[in-house]
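Reading the structure
Listed here are the chains, written in short residue letters.
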Amino acid sequence: MTIKHFGNERSGAGGQKLPFSPAVRAGDFVYISGQVAMQENGEIEYGSIEAQTRRTMENIKSALALADCTLDDVFKMTVWLDDTRDFWTFNRVYAEFFPGERPARSTVQAKLMVDAKIEIEAIAYKPE
């Protein structure tokens with residue numbers, strides 16, 4: 001099995017190089033590292049859970065695209081919310097990205113490592 005890493009040149013706030021790959025393909029599986037509401041400039045998009053969920057999902061889509069995948073290829077997602085009170089609002093926004101078939105998902109509350117309201121990782125399947 002061949003393992004390919006994508007997006008190693010990304011950087012965070014202040015231009016700090018991020019020590020992980022946004023996407024890794026292992027055979028027919030693509031693993032997307034946890035994404036937060038990071039803007040192009042490396043800063044977290046502050047604001048509501050709606051805004052942060054949309055930005056985070058767009059970042060998931062961008063990471064998937066690095067490995068030639070889309071949300072249609074995703075079969076499992078894991079979500080961490082900073083505040084359980086955001087759960088129903090998050091669900092409403094999240095559902096907009098999956099109008100048809102939806103992947104399996106786990107959602108838990110956790111204190112995140114950056115000042116964000118949400119983090120999401122994904123696993124996709126797309127034969128090479």
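Note that residues are indexed from 1 along each chain, following the sequence as it is written. Per-residue local features are limited, in this predicted model, to residues with pLDDT of at least 70; the limit for side-chain atom pairs, both in listing and counting, is 80 or more; totals at the level of whole chains, interfaces and linings are taken over all residues. By convention in this description, side-chain values take in all heavy atoms of the structure and omit both hydrogens and water.

1. Considerations on the overall build of the protein
Within the protein one finds 2 helices and 6 strands. For the protein, the N- to C-terminal ordering of α and β elements is β-β-β-α-β-α-β-β. Only C-alpha atoms enter the radius of gyration, while the globule expectation follows 2.2 Å times N to the 0.38, with N the number of residues. Against the 2.2 N^0.38 benchmark of 14 Å for 128 residues, the protein shows a C-alpha radius of gyration of 14 Å, consistent with a compact globule. The dimensions of the protein, computed from C-alpha atoms along their principal axes, are 40 × 40 × 20 Å. Helix and strand labels come from DSSP, where a helix needs a run of H or I of at least four residues and a strand needs a run of E of at least two; each type is numbered from the N terminus.

2. A closer look at the side chain of asparagine 59
As for its position among the elements, asparagine 59 is in helix α1 (residues 49-66). It only takes one pair of heavy atoms within 4.5 Å for two residues to be counted as in contact. Apart from the residues within four sequence positions on either side, asparagine 59 is in contact with Gln35, Val36, Ala37 and Met38.

3. Concerning α1
Side chains three or four residues apart in an α-helix point the same way, a direct result of the helix having 3.6 residues per turn. End to end, α1 covers 26 Å across 18 residues, agreeing with the expected 26 Å (1.5 Å per residue, within 8%). Within α1, the full set of buried residues consists of Ile49, Gln52, Thr53, Thr56, Met57, Asn59, Ile60, Ala63 and Leu64. Angular distribution of buried residues about the axis of α1 spans 155°; they occupy a single face of the element. Contacts from the buried residues of α1 go to β2 (23-26), β3 (29-35), β4 (74-81), α2 (87-96) and β6 (118-125). Between the first and last residue of a helix there are one fewer steps than residues, each counted as 1.5 Å, and that sum is the expected span. Only protein chains enter the accessibility calculation, which uses a 1.4 Å probe; a residue is then buried when its area is under 20% of its type maximum, exposed when over 50%, and partly exposed in between. This arc corresponds to the set of directions leading from the helix axis out to the C-beta atoms.

4. A short note on the environment of tryptophan 88
Counting through the fold element by element, tryptophan 88 comes out in helix α2. Taking the relative accessible area as the measure of exposure, tryptophan 88 reaches 65% and is therefore exposed. Measuring from C-alpha to C-alpha, the distance between tryptophan 88 and arginine 102 comes to 17 Å, with 14 residues separating the pair along the chain.

5. Brief notes about unusual backbone geometry
A positive phi angle, near 60°, is found at aspartate 68, a position not held by glycine. Summarising the element assignment, aspartate 68 is placed in the loop between α1 and β4.

6. Concerning the pairing of strand β5 (residues 104-109)
With 6 bridges joining them, β4 and β5 adopt parallel strand pairing. Of the residues in β5, the one forming a bridge with valine 79 is threonine 107. The handedness of a crossover follows from its direction of travel: if, with the strands pointing away from the viewer, the path from the first strand over the helix to the second runs clockwise, the crossover is right-handed. In this view, the connection linking β4 to its parallel neighbour β5 by way of α2 has right-handed handedness. Whether two strands pair comes down to DSSP finding at least two bridges between them.

7. Digging into a nonpolar patch on the surface
Each patch groups residues whose relative accessible area exceeds 30% and which form no salt bridge, using 9 Å between like charges and 5 Å between nonpolar side chains of Val, Leu, Ile, Met, Phe, Trp and Tyr. In these tables, accessible area is a Shrake-Rupley quantity obtained with a 1.4 Å probe, and a residue counts as shielded only by the protein chains included in the view. Definition used for salt bridges: Asp or Glu carboxyl oxygen within 4 Å of a side-chain nitrogen of Lys or Arg. A cluster of nonpolar side chains, namely Phe29, Tyr31, Phe75 and Tyr125, defines an oily patch on the protein surface of about 370 Å² accessible area. As for its placement among the helices and strands, tyrosine 125 is situated in strand β6.

8. Considerations on the environment of asparagine 41
With respect to the helices and strands, the residue asparagine 41 is situated in the loop between β3 and α1. Using a relative accessible area of 51% as the deciding quantity, one classes asparagine 41 as exposed. By the criterion applied in these results, polar contacts are pairs of N or O atoms within 3.5 Å in which, for protein atoms, one can donate a hydrogen and the other can accept it, and in which residues neighboring in sequence qualify only through two side-chain atoms. There is a polar contact of 2.9 Å between the side chain of asparagine 41 and the backbone nitrogen of glutamate 43.

9. Side note on the pairing of β4
Bridge count between β4 and β6: 7 bridges; the pairing is antiparallel. By the bridge assignment for β6, valine 74 is matched with alanine 124.

10. Quick word on the pattern of salt bridges
Two side chains that carry opposite charge are able to pair once their charged atoms sit near each other. One pass over the structure, following the stated rule, counts 7 salt bridges. For arginine 92, the salt bridge identified is with glutamate 50, shortest N-O distance 3.2 Å. Placement of arginine 92 in helix α2 and of glutamate 50 in helix α1 is noted, with a sequence separation of 42 residues between them. You can call arginine 92 partly exposed: its relative accessible area is 45%. The salt bridge partner of glutamate 96 is arginine 54, with a shortest N-O separation of 3.0 Å. In this pair, glutamate 96 is assigned in helix α2 and arginine 54 in helix α1, connecting sequence segments 42 residues apart.

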